[in-house]
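Letter by letter, the chains look like this.
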Amino acid sequence: MTAERSMTTEIGGVGQLRRETNRRLTCEREDADRALSKRLARGEQRVDEKLHKSRSDIDAKIVAAGDAAHDQLEELPEELPEALNGAVLSAENPRDPIPEPGFEPGPTAEQETIERVEEAHSRARSNAQAAVQQLSEQAELALESERRRVDELTQRDREQRKRDFLEALVSERHATDDALQEERTRVDFVTRNRDDVLAMLSHDLRNYLSAIGLKAELLAETPPDNLVLSQSLADQIIKSCKLMERWAIDLLDIASMDSGTLAVDSRPHDPADVITASLEAYLSMANRKTVTLIATGVPQVRPNILGDQPRLVQVLNNLLDNALKFVGPHGTVTLGFEVVGGFVRFFVTDTGPGIPEAEQGLVFERYWHTERTRSGGSGLGLYISKRIVEAHGGQISVASEVGKGCTFVFTVPVAEASLGVRP
């Protein structure tokens, strides 16, 4: 019942996965658009600040030029220049012959001289004012021309920046769309595989349940003295139950991983204990298939590993189960480990048909199957193994050559307290 509920949950989650993927892809695209819009706004703000500074500098120059012209105008003397004063004195004391006694000059000549001097002084001031005014106008015209030139350059710079940002926006959006499309294609591929696997599991589960029921009925009808047939039927029932139990455990592990609740209880352990536990679990299966299963490369002096021993045994069991599935009669499966730096490197090597290079990057995908493995498994074992190893801070990989078998390798960190060797 647990397996049926788990698979029902998985099947019902297909639509939810697609909706979540579309929602996530939409959010990522909106985030990219907002980020690019902010970059464009920051660029325009910098251009505006540059333009404001340039205009402020020009305005300051115009004010300074006006102040300088005003100061020059203020510096003009209010009193008559010495030359004009001399002319006045000459007019007041002409070098004419000394007049006869009793003669007084008429007021008209003196007044005319003073008026001419004042008129000359006024013309000088007017000419100076005109020169200063002309200088101020020329400076203002020059600065206004400079302001227009800066405005034009700034506008062109802003337009160029805007074009650059728009081009970058379009380019990044295309890149984002390509990445999102690639992710969607991958998710669709995984979803289709999951649909196929769940349909297969549902079909096989019904078949196994029917077979168990029929064999149980046959076992009940078997005469007590026919021990060989009774033992055979019991073994077949046990095998079917263990297979369905494993499917249920895989589906529960996937549910835990998706919800972020996969438990990993890391403690110091002897790596040889992991090898021993897996060897004992699969030795009888290997013997039934006439496959040689051996442990090698176990150092006599070794450090502890830091990990969850039942989970690590689960990883090694998945690799052994996968190897025994493909190795034919009289084949060999070898498992062991070695110490490499701060890690212990576990390996499982088989003499099976191997994995094509094009498929080696897919074997750890969720619900992945090759055409020759469409039955007899959930397609979750290697994916779950990868997640467990990564949760320990290690890595898992495969190396294979068609016709020459393959080797799966995963690493687990060494416990700090046992970095030194121990017997």
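Note that the structure is predicted; figures quoted are calculated from it, not measured.

Visitor: Help me understand the overall build of the chain in this model?
Guide: Tallying secondary structure elements over the chain gives eight helices and seven strands in all. Across the 423 residues in the chain, those meeting the buried criterion constitute 32%. Of all intrachain contacts in the chain linking residues separated by at least 6 positions in sequence, the fraction that spans at least 24 positions is 79%. For the chain, the computed accessible surface area is about 25700 Å², with 54% contributed by carbon and sulfur atoms.

Visitor: So what exactly am I meant to see when it comes to the confidence of the model for the chain here?
Guide: It should be kept in mind that the predicted coordinates are not to be read in detail where pLDDT is low. In the predicted model, the chain carries a mean pLDDT of 76, and 70% of its residues have values of at least 70. Mean pLDDT in the chain bottoms out at helix α2 (residues 82-92), which sits at 48, and peaks at strand β7 (residues 406-413), which reaches 95. Low pLDDT, under 50, characterises residues 87-92; the stretch is placed with five contacts to residues that sit more than four places away or in other chains. Segment residues 371-375 is flagged for pLDDT under 50; beyond a separation of four residues in sequence, or across chains, it makes 11 contacts in the model.

Visitor: Looking at this model, I keep getting lost on the nonpolar core. Mind explaining?
Guide: If you look at soluble globular proteins, the nonpolar side chains tend to sit buried side by side. With 40 residues, the main nonpolar core has V333, F346, V348, F408 and F410 as its most contacted residues. Elements with a contribution of two residues or more to this core: α5 (271-288), α6 (309-326), β4 (332-340), β5 (343-350), α8 (381-391), β6 (396-400) and β7. At eight residues, the largest contribution of residues to this core is made by α6. Apart from the residues within four sequence positions on either side, V348 is in contact with L316, L319, L320, A323, V333, T334, L335, C406, T407 and F408.

Visitor: Looking at this structure, how should I read the sheet that holds β6?
Guide: Read from one edge to the other, the open sheet built from five strands follows the order β2-β4-β5-β7-β6, with strand pairing classed as mixed. Two strands close off the open sheet at either side, each with one partner strand: β2 (292-295) and β6. Neighbour to neighbour, the strand axes of the sheet diverge by 15° on average, direction disregarded. Of the strands in this sheet, β2, β4, β5, β6 and β7 are in contact with α6, which crosses β7 at around 175°.

Visitor: So what exactly am I meant to see when it comes to the packing of α5 against α6 here?
Guide: Working note: a packed helix pair is described by the angle between its axes plus the distance between those axes. The geometry of α5 relative to α6 is characterised by a closest axis approach of 9 Å and an angle of 35° between their N-to-C directions. For α5 against α6, the interelement crossing comes out right-handed. Residues D273, V274, I275, A277, S278, A281, Y282, M285 and A286 of α5 form the contact with α6, whose own contacting residues are Q309, L312, V313, L316, N317, L320, D321 and L324. Here the contact of α5 with α6 is built from residues that sort into 12 nonpolar, three polar and two charged.

Visitor: Is there a simple way to explain the pairing of β7 in this structure?
Guide: A regular strand carries its side chains on alternate faces of the sheet. Along β7, seven of the eight residues are buried, which leaves the element largely enclosed by surrounding structure. Bridge count between β5 and β7: eight bridges; the pairing is antiparallel. Each bridged residue has a counterpart across the sheet, and for F347 the counterpart in β7 is V409. Two elements, β6 and β7, share five bridges in a ladder whose sense is antiparallel.

Visitor: Which parts of the structure should I look at to understand the side chain of D350?
Guide: Here D350 is to be found in strand β5. Within polar-contact distance, the side chain of D350 engages the backbone nitrogen of G352 at 2.9 Å.

Visitor: I keep staring at the packing of aromatic side chains and nothing clicks. Help me out?
Guide: Each aromatic ring pair is summarised here by two numbers: the centre-to-centre distance and the angle between the ring planes. Summed over the entire model, instances satisfying the criterion amount to three aromatic pairs. Seen from their ring centres, F337 and F346 are 5.7 Å apart, and the 45° between their planes marks the pair as tilted. A residue is classified by how much of its surface remains accessible, and F337, at 1% relative accessible area, is buried. Assessed through its relative accessible area of 0%, F346 is described here as buried. Taken together, F337, F346 and F410 form an aromatic cluster joined through their ring pairs.

Visitor: Is there a simple way to think about the packing of α6 against α8 in this case?
Guide: At their nearest, the axes of α6 and α8 sit 9 Å apart, and the two run at 145° to each other. Handedness of the α6/α8 crossing: left-handed. Note on element contacts: α8 touches α6 through G381, L382, I384, S385, I388 and V389, opposite R311, Q314, V315, N318 and L319.

Visitor: When you look at the environment of I396 in this model, what are you seeing that I'm missing?
Guide: Here I396 shows up in strand β6. By relative accessible area, I396 is classed as buried at 13%. Measuring from C-alpha to C-alpha, the distance between I396 and V409 comes to 5.6 Å, with 13 residues separating the pair along the chain.

Visitor: Please clarify how α5 should be interpreted in this entry.
Guide: Note that an α-helix has 3.6 residues per turn; residues three or four places apart therefore point the same way. When the terminal C-alpha atoms of α5 are compared, their 27 Å separation across 18 residues agrees well with the 26 Å that a helix rising 1.5 Å per residue should span. The axis of α5 is deflected most strongly, by about 40°, at Y282. Residues P271, A272, V274, I275, S278, Y282 and A286 constitute the buried set of α5. Where α5 starts, the residue carrying a side-chain oxygen 3.0 Å from the main-chain nitrogen of A272 turns out to be D270. One or two positions beyond α5, positive phi appears at T290, with a value near 55°.

Rules used throughout
- Residues numbered from 1 in each chain as written.
- Predicted model: local features only at pLDDT ≥ 70, side-chain atom pairs only at ≥ 80, totals over all residues.
- Heavy atoms only, no water.
- Helix = DSSP H or I, 4+ residues; strand = E, 2+ residues; numbered from the N terminus.
- Buried < 20%, exposed > 50% of the residue type's maximum accessible area, 1.4 Å probe, protein only.
- Contact = heavy atoms within 4.5 Å.
- Areas by Shrake-Rupley, 256 points an atom, 1.4 Å probe, with all protein chains shown as cover.
- pLDDT = per-residue confidence, 0-100.
- Core = buried A, V, L, I, M, F, W, Y, C linked by side-chain atoms within 4.5 Å.
- Pairing = 2+ DSSP bridges.
- Axes fitted to C-alpha atoms, helices over the stretch in contact; angles between N-to-C directions.
- Left-handed = near helix turned anticlockwise from the far one by under 90°.
- Nonpolar A, V, L, I, M, F, W, Y, C, P; charged D, E, K, R; others polar.
- Polar contact = N/O pair within 3.5 Å; in protein donor to acceptor, adjacent residues only side chain to side chain.
- Phe/Tyr/Trp six-rings, centres within 6.5 Å; stacked < 30°, edge-to-face > 60°.
- Expected span 1.5 Å × (residues − 1).
- Bend = angle between axes of the 7 residues up to and from the residue.

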